[in-house]
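# A closer look at the structure
This is what each chain is made of:
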Amino acid sequence: MDVLRFRWNGSELVDVTGAPEIPLYVADSFLLNDGKVVAYQRHLDRFSASAEFQGLVRPLDDFLSAVTASLPRTGKLFPRIDLTERGELELHIRPAPELHETIVLATASHDPRVEPTIKGPDISALNALRAEAQAQGADDAVILDAQGRVVDGSTTCLIWLAEGGLHLPPAEALRVNSVSVAVAKELAAKGGFSVSESWATPADLEGVELYALNALHGIRSAVSWVNGPSLSVNQERLAHWRQQYDLLAEELPEA
């Protein structure tokens, strides 16, 4: 399947497949598997909040309803909705790439983000950062702050198990408000794990279970870190959490 691209003209989505790409103010994407999505409304809500933060003043209800109506109900896809720098609203319908349960990490050379709390403006820079990690044999790059503490991944968010509880970087570690992390926190709490925020350097993660989350792959276990800490892997827990995450996928609402 080719990537299809549609632009909202105020009343309908018009096919603009092949048109030049436009820099983004906001983007949001999610895995669509035979018409089911995990936390679909949360993705729409995050997109709306980010668009408002970026200065969009017109309502999004009609556009988002058209998006919901236009999404296929069969196949494994990775759609994306955009607000461009020109104020255009777009929908990309993309085939999902191969999905994985594990991930290899590498430390990012730098932090290229200019809008760390908004998904969209930094996508190109973060993809370039991931490419650097891939050149080292990894799948994703881990962004550190000026003190060398874990903030985020270039295309993933990171959580870890330590001292019987689930940990993630604190709120002041500026990053996108991850829908997948919010879902995982709820699953962990239901499973009896405490959930807390804490700073950690890569060295602090020696021997812990580290998980990488995003809307495409769901929950993945970090099995190794290039020139970084040795990590623990719990296959039974990974399988359970992935199953619980996948069970949250719901049918798209009727438009």
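Right above here is the structure, for reference.
Residues numbered from 1 in each chain as written. Predicted model: local features only at pLDDT ≥ 70, side-chain atom pairs only at ≥ 80, totals over all residues. Heavy atoms only, no water.

### Points about the layout of surface pockets
Of the pockets and cavities examined, the largest pocket occupies roughly 970 Å³. Looking at the largest pocket, it is lined by 43 residues, and the ones nearest its centre are Lys119, Arg130, Thr155, Thr156 and Asn214. Listing elements by their share of the lining of the largest pocket, those giving two or more residues are α1 (40-53), β9 (102-107), α3 (123-135), β11 (150-153), α4 (179-190) and β15 (209-214). Ranked by the residues each element gives to the lining of the largest pocket, the list is headed by α3, at five residues. (1 Å grid on protein atoms, 1.4 Å probe; cavity = no way out; pocket = protein on both sides within 12 Å on 5 of 7 lines; lining within 4 Å. Points joined across faces, edges and corners; volume = space filled by probe spheres on them. Helix = DSSP H or I, 4+ residues; strand = E, 2+ residues; numbered from the N terminus.)

### Observations regarding the packing of α1 against α4
Direction vectors running N to C along α1 and α4 enclose 135 degrees, while the axes themselves pass 10 Å from each other. As the angle between them shows, α1 and α4 are arranged oblique. The element α1 and its partner α4 pack so that their crossing is right-handed. Contacts between α1 and α4 involve Arg42, His43 and Arg46 from the first element and Val179, Ala182, Val183 and Glu186 from the second. Residues that form the contact of α1 with α4 fall into these classes: three nonpolar, one polar and three charged. (Axes fitted to C-alpha atoms, helices over the stretch in contact; angles between N-to-C directions. Parallel < 35°, antiparallel > 145°, perpendicular 65-115°, else oblique. Left-handed = near helix turned anticlockwise from the far one by under 90°. Contact = heavy atoms within 4.5 Å. Nonpolar A, V, L, I, M, F, W, Y, C, P; charged D, E, K, R; others polar.)

### Details of the environment of Pro95
Here Pro95 is to be found in the loop between β8 (89-93) and β9. When the C-alpha positions of Pro95 and Asp2 are compared, they lie 7.3 Å apart, and in sequence the two are 93 residues distant. Look past the residues within four positions of Pro95 in its chain and what remains in contact with it is Met1, Asp2, Val3, Lys76, Leu77 and Phe78.

### Focus on the packing of aromatic side chains
Where two aromatic rings form a pair, the distance of their centres and the angle of their planes describe that pair. Across all of its chains, the model carries five aromatic pairs by this definition. A ring pair is formed by Phe47 and Phe63, whose centres lie 6.4 Å apart and whose planes are at 40 degrees; its orientation type is tilted. In this pair, Phe47 sits in helix α1 while Phe63 sits in helix α2 (residues 61-70), placing the two residues 16 residues apart along the sequence. For Phe47, a relative accessible area of 0% puts it in the buried group. When the ring of Tyr211 is compared with that of Trp241, the centres are 5.1 Å apart and the planes differ by 50 degrees; the resulting orientation is tilted. (Phe/Tyr/Trp six-rings, centres within 6.5 Å; stacked < 30°, edge-to-face > 60°. Buried < 20%, exposed > 50% of the residue type's maximum accessible area, 1.4 Å probe, protein only.)

### Details of the sheet that holds β15
If you trace the eight strands from one edge of the open sheet to the other, you get β11-β10-β9-β16-β15-β12-β13-β14, paired in mixed fashion. Looking along the sheet, the strands with just one partner apiece sit at the ends: β11 and β14 (194-197). Pairs of neighbouring strands in the sheet enclose a mean axial angle of 35 degrees, with direction left out of account. Direction of pairing for β15 relative to strand β16 (residues 218-226): antiparallel, over a ladder of four bridges. Paired with Leu213 across the two strands is Ile219, which belongs to β16. Contacts from α4 reach β12 (157-162), β13 (165-168), β14 and β15, with the element oriented near 165 degrees to β13. Packed on one face of the sheet, helix α5 (residues 235-247) meets β12, β13, β15 and β16 and runs near 145 degrees to β16. (Pairing = 2+ DSSP bridges.)

### Some thoughts on the sheet that holds strand β3 (residues 24-29)
Taken in spatial order, the five strands of this open sheet run β2-β1-β8-β7-β3, and their pairing is antiparallel. Across the chains shown, the open sheet's two edge strands, defined by having one partner strand only, are β2 (13-15) and β3. Taking each pair of neighbouring strands and ignoring which way they run, the sheet shows an average axis angle of 25 degrees. Across the sheet, α1 is in contact with β3, β7 (80-84) and β8; its angle to β3 comes to roughly 175 degrees.

### Some details on the pattern of salt bridges
What the rule picks out here adds up to twelve salt bridges. Taking the shortest distance from any N to any O, the salt bridge between Arg113 and Asp111 comes out at 2.9 Å. The class for Arg113 is buried, based on a relative accessible area of 16%. For Asp111, a relative accessible area of 36% puts it in the partly exposed group. One continuous salt-bridge network, built from bridges that share partners, spans Arg5, Arg7, Glu21, Arg86, Glu88 and Glu90. (Salt bridge = Lys/Arg side-chain N within 4 Å of Asp/Glu carboxyl O.)

### Description of the nonpolar core
In globular proteins that are soluble, nonpolar side chains generally tend to be buried together. Formed by 26 residues in total, the largest nonpolar core has its most connected members in Phe47 and Phe63. Mapped onto this core, the elements with two or more residues apiece are β1 (4-8), α1, α2, β7 and β8. When neighbours within four sequence positions are excluded, Phe47 is seen to be in contact with Val26, Ala27, Asp28, Leu60, Phe63, Leu64, Ile81, Asp82, Leu83 and Leu89. By size, the runner-up hydrophobic cluster in this structure holds 19 residues, among which are Val179, Val181, Ala184 and Leu238. (Core = buried A, V, L, I, M, F, W, Y, C linked by side-chain atoms within 4.5 Å.)

### Some words on α1
With 14 residues, α1 should reach 20 Å at 1.5 Å per residue; the first-to-last C-alpha distance of 20 Å fits that figure. Those residues of α1 hidden inside the fold are in contact with β3, β5 (36-38), α2, β7, β8 and α4. Looking one or two places after α1, you find Gly55, whose phi comes out positive at around 105 degrees. (Expected span 1.5 Å × (residues − 1).)

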